[in-house]
Amino acid sequence: PDAAAALNESGAAAPRLPAGGDNASLELSSRPPAPAALNPWDVMLCVSGTAIACENALVVAIICYSPSLRTPMFVLVGSLATADLLAGLGLILNFVFQYVIRSETVSLLTVGFLVASFAASVSSLLAITVDRYLSLYNALTYYSERTVLCIHTMLAGAWGVSLCLGLLPVLGWNCLHDRTSCSVVRPLTKSNVTLLSASFFLIFLIMLHLYIEICKIVCRHAHQIALQQHFLTASHYVTTKKGVSTLAIILGTFGASWLPFAIYCVVGDPDYPSVYTYATLLPATYNSMINPIIYAYRNQEIQRSMWVLFCGCFQAKVSFRSRSPSDV
């Protein structure tokens, strides 16, 4: 569902417009016509991509710079930041190629790059959710070699599948030569965006189920601690409520960002105004902007590494508490 970022405003060049006039889906250009008028939506996507790239580049640099950030949790956060960094760069490159270089090959490569990057981002979010669940469900064996192998296997699978999804339009699954098969996201076909949307819905349902299970485990642990101490203190209630609220914010942010675009890709018609695609796509890119705030900058180990990276020293009087993967 993410390839729409690589698309142009259908009204940008008259030779590319189908019979629908302004009521046309976004479309890539395969010709080099006169310079197109600057589309404000494309500018906003480029600005979003720049912010995404800057935020996530910092996270990747911190994780690579700090030898202490080598646990499975930070490997997953690094994977997410790398995917979002590539997505941000893809949005920037799309803007440049859209208004500077008009090439069918470049357009398809940009689409594939964006599909693969956003797919890897969503897949990394799923892997982080699985990791959090395992850190609670198998707390005693979480730091074993088996867990490390499991994390690496998940990431290899996630990036492999994402790469395959990105290659599909490049290898021929596009509608450049059959406009009747186009979706609201040109040059992706209707069947292609349906596959991508169905994959997103499946991942979202799996994450929803896992976060519900995590909430149950957190509440059960809090209840067990209360029984051991013979009473339920206010701090236990506050901690449990805070953990559940954080999980709801994480899942709610993810769903609010991607669900409108994924749903529109399925129910939308290519003759609808392209503004609908832009309006649902832009919030989806915001998820990659919010991810480093939720998964990286809130982590106190990363905060300490940032302090060392920017200040060159660490003041011992500043207290940092190491967090486990199950901390939410």
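Small disclaimer: the values here were computed from a predicted structure and weren't measured.

### Observations concerning the nonpolar core
Within the largest apolar cluster, 51 residues are counted, with the highest numbers of intra-cluster contacts made by Met 207, Tyr 211, Phe 254, Trp 258 and Tyr 295. Elements represented by at least two residues in this core include exactly α1 (40–65), α2 (72–99), α3 (104–137), α4 (145–170), α5 (190–228), α6 (234–267) and α7 (274–297). Here this core gets 13 residues from one element, more than from any other, and that element is α3. When near neighbours in sequence (up to four residues on either side) are disregarded, Tyr 295 contacts Val 77, Leu 80, Leu 125, Ile 128, Arg 132, Tyr 211 and Ile 250. Grouped together as the second largest cluster of nonpolar side chains are 15 residues, Val 59, Ala 81, Ala 296 and Met 306 included.

### As for the UniProt feature "transmembrane region" (unreviewed entry) in the protein
In the UniProt entry, the feature "transmembrane region" (unreviewed entry) is given for residues 41–66, 73–101, 107–128, 149–173, 193–212, 244–263 and 275–297. Taken end to end, residues 73–101 comprises 93% helix and 0% strand; its first and last C-alpha atoms sit 40 Å apart. Along residues 244–263 one finds 100% helix and 0% strand; the C-alpha atoms at either end are 27 Å apart.

### A closer look at the state of the cysteines
Any covalent bond linking the sulfur atoms of two cysteines counts as a disulfide. In the structure shown here, the tally under the stated rule is 1 disulfide. Cys 219 takes part in no disulfide bond, and the closest cysteine sulfur to it belongs to Cys 215, at a distance of 6.4 Å. According to the relative accessible area criterion, Cys 219 is partly exposed, its value standing at 38%.

Thresholds applied
- Residues numbered from 1 in each chain as written.
- Predicted model: local features only at pLDDT ≥ 70, side-chain atom pairs only at ≥ 80, totals over all residues.
- Heavy atoms only, no water.
- Core = buried A, V, L, I, M, F, W, Y, C linked by side-chain atoms within 4.5 Å.
- Buried < 20%, exposed > 50% of the residue type's maximum accessible area, 1.4 Å probe, protein only.
- Helix = DSSP H or I, 4+ residues; strand = E, 2+ residues; numbered from the N terminus.
- Contact = heavy atoms within 4.5 Å.
- UniProt positions renumbered as here; feature names shortened; annotations may be inferred.
- Disulfide = S-S within 2.5 Å.

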